[in-house]
Amino acid sequence: MNDSLKRYTDIDVMKYLFPDQASTIAPEIDLVYFAIMAISLLFIVVIAFAIVALAATYRRRHKDEVGTYEHEPLSLELAWTIIPLFISVGMFAIGVPAFLKAKSIPEGALEIAVVGKQWMWKFQHPNGRREINDLHIPIGQPINFKIVSQDVIHSLYIPAFRIKQDALPMYYTNIWAEPTKIGKYRILCTEYCGKDHSVMGGWVHVLSQEDYETWLQADPAHKIAGRPPLKMAGVSLGGGGTDGQMDIPDGVDEALVPMRDAPGLVKEGFSLFQSLTCVVCHKAESAGVGPSLLGAYGGKSVMANGTTVNFNDNYIRESILNPTAKVKTGYGPVMPAFNGRVSEEDINALIAYIKYLKR
Ligand code: CUA
């Protein structure tokens, strides 16, 4: 038997039909799913039986036979309207709490940035560590997946967690899960995205808290794969001591420099903030050519056209890629567009840094 054929015969069918329940929400989603499945099966059986039985009972028995008109009894009409009404309301009643839970990201969730791309999933941890098609996360910790696509629409699907969320090229979407079982589970793409859609996927590895810590430390933030070490005057990206600030680069306000114990992604963002020369205009005080970003995250900003926007991840991303779309009041549309000059991973680092400046 050749290998590709073997791949399909080796599939454990039961595992695919009934994946592990490996997140806190999985039992609730399964309850809704199997309840609706059971009701549907019941109706399929009843209706199929009725079709066959009625067709047999009331079949035409000789050539000249014609039907007679019968008015349905009111009680029957009411019964088949009211009973399904209650069944539908019941489905709604069990579905809504599960949906709301799935959509409400808990405070303090660990944010993992996810970038979908033809044809792979890329992940960034808060300490700056990156992975492709493999994702390591700790058990018992809510994980907030912040998802974006760098090309077409993809969809992040982790069956064992019962979560599925589209990855869009226009803006960030979020979904969360809290793993409850140590193990290795499939990650899939569930939106047809081109030639290699079927192989776009990987594995999520749920580790114990200790194993996750060990794993995180195994690749410190300053050894970020895929990026040459940044050479910045006076800036040290390394971990080192816990005493006070990073070295302060020439001409940069101390308030803009992350503390030495700041997460790796924040430091990466700060380096980009300098190398892309953002720091020339976005100074600590508001006197710069651009608005100060200190304390801006999470607030509201008034735009030149009088509208108000929420200063969140999506606004930052749009302002980096297309700065003149929404310009803060009091400032000119002078910022150059960084579309094509920064990767989605760079944007995630810049957002982590600007978010860090909110203190
Ligand atoms: Cu990506 Cu399908």
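This one's a predicted model, so the numbers in the text were calculated from it and none came from an experiment.

Draft legend 1. View of the sheet that holds strand E6 (residues 154-158). Taken in spatial order, the five strands line up as E4-E10-E9-E6-E7 in an open sheet, and their pairing is mixed. Among the strands making up the open sheet, the edge pair consists of strand E4 (134-138) and strand E7 (163-167). Neighbour-to-neighbour, the strand axes of this sheet turn through a mean angle of 25 degrees, independent of strand direction. Here six bridges tie strand E9 (residues 183-189) to strand E10 (residues 201-207), and the two strands are oriented antiparallel to one another.

Draft legend 2. Fine view of the pairing of E10. Of all the seven residues making up E10, six are buried; the element is thus mostly covered by neighbouring parts of the structure. Of the pairings in the sheet, the one linking E4 to E10 comprises five bridges and is parallel in character. Looking at the pairing, Asp-134 lines up with Trp-203 of E10.

Draft legend 3. Expanded view of the pattern of salt bridges. Applying the stated criterion across every chain, the model contains 11 salt bridges. Of the charged contacts, one joins Lys-122 and Glu-345 as a salt bridge, the two residues approaching to 2.9 Å between their closest N and O atoms. Taken together, the residues Lys-122 in strand E2 (residues 120-124) and Glu-345 in helix H9 (residues 344-356) connect sequence positions 223 residues apart. Residue Glu-318 pairs with Lys-326 through a salt bridge whose shortest N-O separation is 3.0 Å. Via salt bridges that share partners, Glu-111, Lys-146, Asp-313 and Lys-355 belong to a single interconnected network.

Draft legend 4. View of the environment of Ser-88. Positionally, Ser-88 belongs in helix H4 (residues 74-103). Ser-88 gets classed as partly exposed once you look at its relative accessible area, which sits at 42%. Residues Ser-88 and Ile-36 lie 52 residues apart in sequence; the distance between their C-alpha atoms is 9.4 Å.

Draft legend 5. Here's a closer look at the layout of surface pockets. Computed from the structure, the largest pocket encloses a volume of approximately 970 Å³. Lining the largest pocket are 34 residues, and of these Pro-19, Tyr-157, Pro-159, Ala-160 and Arg-162 sit closest to its centre. For the lining of the largest pocket, the secondary-structure elements that each account for two or more residues are helix H2 (13-17), helix H3 (26-57), H4, E7, strand E8 (173-177) and E9.

Draft legend 6. Structural context of the packing of aromatic side chains. By the definition in use, this model includes seven aromatic pairs. Residues Tyr-33 and Phe-34 carry aromatic rings whose centres are separated by 5.1 Å and whose planes lie at 85 degrees to one another, so their mutual orientation is edge-to-face. Its relative accessible area of 48% is what places Tyr-33 among the partly exposed residues. Owing to a relative accessible area of 34%, Phe-34 belongs among the partly exposed residues under this scheme. Note on Tyr-212 and Trp-215: the rings are 6.1 Å apart at their centroids and 20 degrees apart in plane angle, and the pair reads as stacked. With a gap of three residues between them, Tyr-212 and Trp-215 both fall in helix H5 (residues 209-217), about one helical turn apart. Considered together, Tyr-212 and Trp-215 belong to a single accessibility category, that of buried residues.

Draft legend 7. Up close: the nonpolar core. One finds Phe-311 and Tyr-353 to be the most contacted residues of the largest nonpolar core, which totals 37 residues. Contributions of two or more residues to this core are made by helix H6 (264-275), helix H7 (278-281), helix H8 (313-321) and H9. No other element matches H9, which puts eight residues into this core. Discounting chain neighbours no more than four positions away, the residues touching Phe-311 are Leu-293, Ala-296, Tyr-297, Gly-298, Gly-299, Lys-300, Ser-301, Ile-316 and Ile-354. In this structure, Ile-163, Ile-187, Cys-193 and Trp-215 belong to the second largest nonpolar core, which totals 30 residues.

Draft legend 8. Representation of the sheet that holds strand E3 (residues 130-132) in the model. In spatial order, the strands read E3-E2-E1-E5-E8; together these five strands make up an open sheet with mixed pairing. The open sheet has two edge strands with one neighbour each: E3 and E8. Strand after strand, the sheet turns through a mean of 25 degrees between neighbouring axes, direction not considered. Bridge count between strand E1 (residues 110-117) and E2: five bridges; the pairing is antiparallel.

Conventions we followed
Residues numbered from 1 in each chain as written. Predicted model: local features only at pLDDT ≥ 70, side-chain atom pairs only at ≥ 80, totals over all residues. Heavy atoms only, no water. Pairing = 2+ DSSP bridges. Helix = DSSP H or I, 4+ residues; strand = E, 2+ residues; numbered from the N terminus. Axes fitted to C-alpha atoms, helices over the stretch in contact; angles between N-to-C directions. Buried < 20%, exposed > 50% of the residue type's maximum accessible area, 1.4 Å probe, protein only. Salt bridge = Lys/Arg side-chain N within 4 Å of Asp/Glu carboxyl O. 1 Å grid on protein atoms, 1.4 Å probe; cavity = no way out; pocket = protein on both sides within 12 Å on 5 of 7 lines; lining within 4 Å. Points joined across faces, edges and corners; volume = space filled by probe spheres on them. Phe/Tyr/Trp six-rings, centres within 6.5 Å; stacked < 30°, edge-to-face > 60°. Core = buried A, V, L, I, M, F, W, Y, C linked by side-chain atoms within 4.5 Å. Contact = heavy atoms within 4.5 Å.

Everything listed here is a matter of coordinates, which is why it stays silent on function.
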